[in-house]
Amino acid sequence: MRAYELIRETYFRRSYIWIAHLSWLAVYGVFWWSFVPAKTETMGKFILIGSGLFLALTLSAGILGDDIASGRICVLVTKPFWTGKLYLFRWIGLSLQAAVHLLLTGVLLGVLDLLTPKNSIEGLGVWLLATWLLFNAVAALSTSLSVVLGRAFNSLLLLVVFVAGYLLMNALMVLLRGEAGAGWLTAFVRYAWPPFELLRKFAGGEYGPHALTVGRFSLSHSVACVVHSLVLTCVYGAVGILLLCRRQFSRVRE
Amino acid sequence: MLVQTEQETACEAGVQPMVVECHGLTKVFRRPFASLDKAVCALRDVSLSVRRGQIVGLIGPNGAGKSTLLNLIAGLILPTQGRVTICGRPARSVAARRYLGFMPEHPVFPGLYTARAVLRYHAALLGLSAQSIARQVDASIQRLHMQEFADRPASDFSQGMKQRLALAIAMMSDPPLLLLDEPSNGLDPIGIVELRDLLQQLRDAGASVVISSHRLGELEKLTSDYIFMHRGRIVQFGDELTASQAGQLRVGVVSDGEAVARAALPSSRVLSVCDTELMIAIGEPDEVPDVVRDLVAAGAKITSVLLRRENIEEVFLRLCDEGDSR
């Protein structure tokens, strides 16, 4: 019952959540109808960025920060269960939301493909899987950040940080190409940052030098990409849980 | 498997005498990367215990450390030094939280949830079964008289409704220890009377309650055990506080009040005097017969005798002044 109620509360905490979901579905429908992507890859990338990044940040960025800033968490952490479960079940709620959202996206695009058979949706399932994996990782990272920031509605701040961080990393990699530090930076971006590039290549069918392993078969590369994404999600989540369990919930008195 | 300590077993059985024990609690707040001179010492070497069935009022001026102490007992913050236990368990542990019901000063609820849904949510967080949840929710609604607004969304609630709901959440499953931060905020006079009756029922059932409140007049109606705090320290508590309430004896006489006072009493004890009334400082109620006898012996024709003791608000103000002057 505890898990059910925490997950349910994640679904029904704010009415804007439903607006966000429906809006994105409408955007996908409009994109499909209006721009008529020639290849599934274009639609897939659009969904990967839209749901895997933007929707994930919109829904998760302030989720625990809202509880902390409002003071609601003061009652929750005095209940007789491990505080880490609060983080865990919130994240599971987000992940389930995303799964439902992406299933609906698949159904929507399938229906649109039936109505306008001018595009192929072959391989879209892999893109949806990659999006879900990216969503989970980004949601875990931003939820962990919201424990530190302790502020509600910090989606915009996190989005700016993400985009700025991504651009900065790319700029540094170009500048440092050939230098000793470039290797460390590349490794950090590849293994520690939300695996956007990796999952894009996984869904798009590329398994080149960016793959985690050097196996000969595409299945091993695919499994490695999925495992890498899940491991990163677990690491982000573990950090968030640790921070939440050690956090104190009181304002500084001046 | 959770191994119960003897104290924990005793607490559950209602035998454990001390529900809360604080030893040498000190709390210093310091922002990250801030210098030490900007640190705020909210609590200094506080030690106290609350026994089973006791209702204790925390009183003190703003910044005295009442909420800090409450938050330390609830496990919301960690002490800089010292320790606090609830029924023998460290305050922040999951085991201690089984004995705890906490009501914050400004309760907040998920806006789309009704009161019933909020109660169900918190009952589920306690780990109750589905049948127990339904029973607890109905019992809480009845107990706190929330029938009128049980099915309205929490976003529509007045402050008083929020207080009732927060109190219902804290009291759910009858914890041995209740921590209430400003419980009478927003309650009308009927609500305060109901709160008092409720707390007395809880005390009779063996629960302990620690209340922090600025409203001394209402606190006086809820409890007679106080802990007075000032600048992070406990200044007085329990029987010392109530015993220190000074008394004033108002004696009505037919005439010659001044002459009688001069003849019968040292000038230091006479607070005010006129022809038909004397106001005399009294330390203990036992002194009254002696004072009256001395006045009669001095020739006073007494028409009335009235003993008035400081109320808690007057004690509070006096102790604040004494604390500030130290």
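All values reported here derive from a predicted model rather than from experimental measurement.

1. Overview of the overall build of chain B
- Within chain B one finds 12 helices and 14 strands.
- A buried classification covers 42% of the 326 residues belonging to chain B.
- Sequence-distant contacts, at least 24 apart, represent 69% of the contacts inside chain B between residues at least 6 apart.

2. Here's the deal with the overall build of chain A
- Across its full length, chain A carries 11 helices and zero strands.
- For chain A, the succession of helices and strands along the chain, N to C, is α-α-α-α-α-α-α-α-α-α-α.
- Counting only residues that meet the buried cut, chain A has 37% of its 254 residues in that class.
- Taking the intrachain contacts of chain A between residues at least 6 apart in sequence as the baseline, contacts between residues at least 24 apart amount to 80%.

3. Considerations on helix α10 (residues 257-264) of chain B
All names here are of chain B.
- Among all positions of α10, only Gly257, Val260, Ala261 and Ala264 are buried. Projected down its long axis, α10 shows its buried positions confined to an angular sector of 100 degrees, all on one face.
- Packed against the buried residues of α10 are β11 (247-253), β12 (270-273), β13 (277-282) and α11 (288-297).

4. Regarding the packing of helix α4 (residues 63-70) of chain A against helix α7 (residues 124-149) of chain A
Residue and element names in this part refer to chain A.
- Two numbers describe how α4 lies on α7: the axes approach to 7 Å, and their chain directions differ by 20 degrees. Classified by the angle between their axes, α4 and α7 sit roughly parallel to one another. The two elements α4 and α7 cross, and the hand of that crossing is right-handed. Seen from α4, the contacting residues are Ile63, Leu64 and Gly65; seen from α7, they are Thr143, Ser146, Val147 and Leu149.

5. Observations concerning the sheet that holds strand β4 (residues 81-86) of chain B
Residue and element names in this part refer to chain B.
- Strand order in the open sheet formed by four strands is β2-β1-β4-β5, with antiparallel pairing between adjacent strands. Edge positions in the open sheet fall to β2 (40-51) and β5 (89-90), since each of these has one partner strand only.
- Bridge count between β4 and β5: two bridges; the pairing is antiparallel. Note on β5: the bridge partner recorded for Ile86 is Arg89.

6. Details of the domain arrangement of chain B
Residues and elements named next belong to chain B.
- Domain assignment breaks chain B into domain 1 (6-108 + 168-242), domain 2 (110-156) and domain 3 (246-309).
- A separation of 25 Å is found between the C-alpha centroids of domain 1 and domain 2.
- On the side of domain 2, 11 residues touch domain 1, which itself brings five residues to the contact.
- Across the side of domain 1 that touches domain 2, the residue classes break down as three nonpolar, one polar and one charged.

7. Here we look at the pairing of β12 of chain B
Residues and elements named next belong to chain B.
- Two strands pair when backbone bridges link them, and β12 and β13 are joined in this way by three bridges, in the antiparallel orientation. Following the sheet pairing, Val270 is matched in β13 by Ile280.
- Where β12 hands over to β13, the hairpin turn is made up of three residues, counted between the paired strands.

8. With respect to the interface of chain B and chain A
- Taken residue by residue, the interface counts 29 residues in chain B and 24 residues in chain A.
- Secondary-structure elements contributing two or more residues to the side of chain B that touches chain A are β2, α2 (66-74), α3 (94-97), β6 (100-103), α4 (115-125) and α5 (130-143) of chain B.
- The greatest single-element share of the side of chain B that touches chain A, amounting to three residues, is contributed by α4 of chain B.
- The residue inventory of the side of chain B that touches chain A, partitioned by class, reads 21 nonpolar, five polar and three charged.

9. A word on the nonpolar core
- Grouped together as the largest cluster of nonpolar side chains are 130 residues, with contacts concentrated most on Ile73 and Leu179 of chain B.
- Of all the elements, α7 of chain A adds the most residues to this core, at 15 residues.
- Counting residues domain by domain, this core receives three or more from each of domain 1 (6-108 + 168-242) and domain 2 (110-156) of chain B.
- Val253, Val291, Leu295 and Ala300 of chain B belong to the second largest nonpolar core, which has 12 residues in total.

10. Digging into the packing of helix α3 (residues 40-60) of chain A against helix α10 (residues 196-204) of chain A
Residues and elements named next belong to chain A.
- Running from N to C, α3 and α10 point in directions that differ by 150 degrees, and their axes come no closer than 11 Å. Here α3 lies roughly antiparallel to α10, going by the angle between them. At the point where α3 passes α10, the crossing takes the right-handed sense. Here α3 contributes Glu41, Gly44, Lys45 and Leu48 to the contact with α10, which in turn contributes Leu199, Arg200, Ala203 and Gly204.
- For the contact of α3 with α10, a count of residues per class yields three nonpolar, two polar and three charged.

11. Points about α7 of chain A
- The end-to-end C-alpha distance of α7 of chain A, which contains 26 residues, comes to 36 Å, matching closely the 38 Å that a straight helix rising 1.5 Å per residue would cover.
- A large share of α7 of chain A lies buried, amounting to 21 of its 26 residues.

12. Details of the environment of Gly63 of chain B
- Along the polypeptide, Gly63 of chain B turns up in the loop between β3 (55-59) and α2.
- Sequence separation between Gly63 of chain B and His230 of chain B is 167 residues, and the spatial gap between their C-alpha atoms is 7.9 Å.

13. Let's talk about unusual backbone geometry
- For Ser173 of chain B, which is not glycine, the phi dihedral falls at a positive 60 degrees.
- With respect to the helices and strands, Ser173 of chain B occurs in the loop between α6 (159-171) and β7 (177-181).

14. Here we look at the environment of Tyr28 of chain A
Residue and element names in this part refer to chain A.
- With respect to the helices and strands, Tyr28 occurs in helix α2 (residues 16-35).
- Judged by the 20 C-beta atoms lying within 10 Å of it, Tyr28 is buried.
- Discounting chain neighbours no more than four positions away, the residues touching Tyr28 are Ile47, Thr105, Leu108 and Leu109.

15. Thoughts on the sheet that holds strand β14 (residues 302-309) of chain B
All names here are of chain B.
- With antiparallel pairing, four strands are arranged side by side in an open sheet as β12-β13-β11-β14. Each end of this open sheet is capped by a strand with a single partner; those strands are β12 and β14. Each neighbouring strand pair of the sheet contributes to a mean axis angle of 15 degrees, computed without reference to strand direction.
- Contacts from α11 reach β11, β13 and β14 within the one sheet, and its direction differs from that of β14 by about 150 degrees.

16. Focus: the confidence of the model for chain A
- With 83% of its residues at a pLDDT of 70 or more, chain A has an overall mean of 80.
- Here residues 208-217 of chain A scores under 50 on pLDDT; set against residues more than four positions off or in separate chains, the count is 14 contacts.

17. Quick word on the confidence of the model for chain B
- Overall, the predicted model of chain B reaches an average pLDDT of 82, with 87% of residues at or above 70.
- Two numbers describe this predicted complex: its pTM, 0.79, and its ipTM, 0.79.

Conventions and cut-offs
- Residues numbered from 1 in each chain as written.
- Chains lettered and ligands numbered in written order.
- Predicted model: local features only at pLDDT ≥ 70, side-chain atom pairs only at ≥ 80, totals over all residues.
- Helix = DSSP H or I, 4+ residues; strand = E, 2+ residues; numbered from the N terminus.
- Buried ≥ 20, exposed ≤ 12 C-beta atoms within 10 Å, placed from the backbone.
- Contact = placed C-beta atoms within 7 Å.
- Arc of directions from axis to C-beta.
- Axes fitted to C-alpha atoms, helices over the stretch in contact; angles between N-to-C directions.
- Parallel < 35°, antiparallel > 145°, perpendicular 65-115°, else oblique.
- Left-handed = near helix turned anticlockwise from the far one by under 90°.
- Pairing = 2+ DSSP bridges.
- Domains from an automatic or database assignment.
- Nonpolar A, V, L, I, M, F, W, Y, C, P; charged D, E, K, R; others polar.
- Core = buried A, V, L, I, M, F, W, Y, C linked by C-beta atoms within 7 Å.
- Expected span 1.5 Å × (residues − 1).
- pLDDT = per-residue confidence, 0-100.

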